[in-house]
Amino acid sequence: MEEIRKKTSIRIERREDEVVGCYVPSAREVVGVLTHEKPLPGRAAAAEKPVLRKKKKTGLWIFLLCAAVLVGVSVGAYFYPWEQTGGTQPDGEEAGSSMPGFDGGYDFTMPGGETFDGIQIMTHPAGETRLTITEAQGEALTPQETYARVNPAVVTVVADMVSGGSSVGTGVIFTRDGYMLTNYHVVQGGYACMVITADNAQYEALYVAGDQASDLAVLKIVGDDLPAADIGDSSQLEVGDAVYAIGSPLGTELRGTFTNGIVSAVDREVDVDGRSMILLQTNTALNSGNSGGPLINQYGQVVGINTIKMMSDYSTVEGLGFAIPSLRVRRLVNELLAYGEVAPEPLLGITVEVLGTKLPDGTVGARIQSVTPGSASEKAGLRGGDVIVAVGGESISGSADVLRVRGWYSLGDKMPMRVWRDGKYLDVTLELLQAAGE
């Protein structure tokens, strides 16, 4: 942790080849990857090849002498750090650490050259902690009042990477005893983590639980009566509503940056790493380092966790940021806190058109293209060509709505559905017994 604290006090210079915030459509943003150059123990810079002159042995003797010195220095450098850092010696004798080659998190790779991609941050139990939603909104606040209310609960997350460098993101505290939310990709591959609060206090952060697929992680710091954000109801958002973001764009120097915008779309279906996620879309300025931070409504409530920003190498892209809706965050996080993992989503067994279909009476629904044999949908009597108009009492107008509502149900639940077929409305019930991905 001391090494991380030292790093936060040093100005971070970006290199031309550093990958920060570059987003290619249908791929995940690479956020806060700050790369530090430091050689592994025993690695020396390659010696410049000497120029050998014919018929003169002086250059050859100088070359051989330099080579001998270089070999001696390299051998000494190879053995010396193990005695200083407590690593595993080359002969296999342990000297206090089970990670061979470990040297402060710089340029370390696992045996075989594979980069470590898990999480080695010290853990903390979840206990009875749960994330709750406040449905009441109260009176609208000014931007200044919104910032004053939420900013104390926003933290900068700095994770030291096993593969080298540090990952910088944002988090938001949701309990007064120090449980907080961030993105999984902010801490993925880390071995130690610290957070910096709005009052510049530094805490060691412990890992509670996380899920790579949903890009959510829960961290814990030790503290009492900490400022905690109010988590609001994302389902009450409408397109055009004012929203704000607080985060640490581009590293630790600009932490606490406050940006504003509107809700550009609700329930936007976005392809992330080959899977569909239902996200809030906003034109609020988000940059590398905002990941894991709060999207805030005009009532000072956190209604989303910022996760990706779209950019392109082929055209100009502005104002396309996305956040995980708070209602979905609540379900996923509470499953992580209760079980240590996210329960698989149920399989419906239908393919639905993205755009809505308008029926003769003016109702808009989602047309089913195909039904998987043996699925819950087939057993409920659904057919290709049926138009879904409601699920669980919620109106449906496209595939994004179906995915959104599916997220409310778990394996074993019964899902009521209303469809239009041949001029008539039918009510069916799906028994959700099969998990998606099986």
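### Some points on the overall build of the protein
Right, on to step 1. The helix and strand tally for the protein stands at seven helices and 21 strands.
Right, on to step 2. A buried classification covers 46% of the 438 residues belonging to the protein.
Right, on to step 3. Considering only contacts within the protein whose residues lie at least 6 apart along the sequence, 64% involve residues at least 24 apart.
Right, on to step 4. Of the roughly 21,900 Å² of accessible surface on the protein, 52% is carried by carbon and sulfur atoms.

### Thoughts on the nonpolar core
Right, on to step 1. Counting residues in each nonpolar core, the largest one holds 52 residues, and the members touching the most others are Leu181 and Val187.
Right, on to step 2. For Leu181, the residues in contact, after removing those within four places along its chain, are Leu131, Thr170, Gly171, Val172, Phe174, Ala217, Val218, Gly292, Ile305, Val329 and Val333.

### Some points on the pairing of strand β11 (residues 275-282)
Right, on to step 1. For β11, a buried count of six out of eight residues is recorded, marking the element as mostly surrounded by other parts of the structure.
Right, on to step 2. In this sheet, strand β14 (residues 321-325) lies alongside β11 in antiparallel orientation, the contact comprising three bridges. Along β14, the bridge assignment pairs Gln281 with Phe322.

### Let's talk about the confidence of the model for the protein
Right, on to step 1. For the protein, mean pLDDT is 78; residues scoring 70 or higher make up 73% of the total.
Right, on to step 2. Of all helices and strands in the protein, the one with the weakest mean pLDDT is strand β1 (residues 33-34) (36), whereas strand β12 (residues 294-297) scores best (98).
Right, on to step 3. Residue range residues 4-58 is modelled with pLDDT below 50. Its contacts to residues more than four positions away, or to other chains, number 107 contacts.
Right, on to step 4. Scored below 50 in pLDDT, residues 75-115 makes 63 contacts in the model with residues more than four places away or belonging to other chains.

### Section: the side chain of Ser399
Right, on to step 1. Along the polypeptide, Ser399 turns up in helix α7 (residues 399-406).
Right, on to step 2. Leaving out residues up to four positions away in the same chain, Ser399 has contacts with Glu269, Val352, Glu353 and Val354.

### A short note on the sheet that holds β12
Right, on to step 1. Taken together, the six strands give a closed barrel; going around it, the order is β9-β10-β11-β14-β13-β12, and neighbouring strands pair in antiparallel fashion. Neighbour-to-neighbour, the strand axes of the sheet open up by a mean angle of 50 degrees, direction not taken into account.
Right, on to step 2. Pairing geometry for strand β13 (residues 302-309) and β14, over five bridges, is antiparallel. Bridge pairing links Gly304 to Pro325 in β14.
Right, on to step 3. With respect to the sheet, helix α5 (residues 326-339) is in contact with β13 and β14, its orientation differing from that of β14 by roughly 50 degrees.

### Here's the deal with the side chain of Thr156
Right, on to step 1. Among the secondary structure elements, Thr156 is positioned in strand β2 (residues 154-161).
Right, on to step 2. At a separation of 2.6 Å, a polar atom in the side chain of Thr156 contacts the side chain of Ser248.
Right, on to step 3. What Thr156 contacts, discounting residues up to four positions off in sequence, is Val168, Gly169, Met194, Val195, Ile196, Ser248, Thr252 and Arg255.

### Some remarks on the environment of Asn287
Right, on to step 1. Relative to the helices and strands, Asn287 resides in the loop between β11 and β12.
Right, on to step 2. Look at Asn287 and you get partly exposed, because its relative accessible area is 32%.
Right, on to step 3. Placed 34 residues apart in sequence, Asn287 and Gly321 show a C-alpha to C-alpha distance of 8.9 Å.

### Here we look at the packing of aromatic side chains
Right, on to step 1. Counting across every chain of the model gives two aromatic pairs.
Right, on to step 2. Centroid distance Tyr244 to Phe258: 5.2 Å. Interplanar angle 15 degrees. Geometry classified as stacked. Remark: Phe258 occurs in strand β10 (residues 257-272) and Tyr244 occurs in strand β9 (residues 242-247); sequence separation between them is 14 residues.
Right, on to step 3. For Tyr244, a relative accessible area of 7% gives the class buried.
Right, on to step 4. For Phe258, a relative accessible area of 28% puts it in the partly exposed group.

Conventions adopted
Residues numbered from 1 in each chain as written. Predicted model: local features only at pLDDT ≥ 70, side-chain atom pairs only at ≥ 80, totals over all residues. Heavy atoms only, no water. Helix = DSSP H or I, 4+ residues; strand = E, 2+ residues; numbered from the N terminus. Buried < 20%, exposed > 50% of the residue type's maximum accessible area, 1.4 Å probe, protein only. Contact = heavy atoms within 4.5 Å. Areas by Shrake-Rupley, 256 points an atom, 1.4 Å probe, with all protein chains shown as cover. Core = buried A, V, L, I, M, F, W, Y, C linked by side-chain atoms within 4.5 Å. Pairing = 2+ DSSP bridges. pLDDT = per-residue confidence, 0-100. Axes fitted to C-alpha atoms, helices over the stretch in contact; angles between N-to-C directions. Polar contact = N/O pair within 3.5 Å; in protein donor to acceptor, adjacent residues only side chain to side chain. Phe/Tyr/Trp six-rings, centres within 6.5 Å; stacked < 30°, edge-to-face > 60°.

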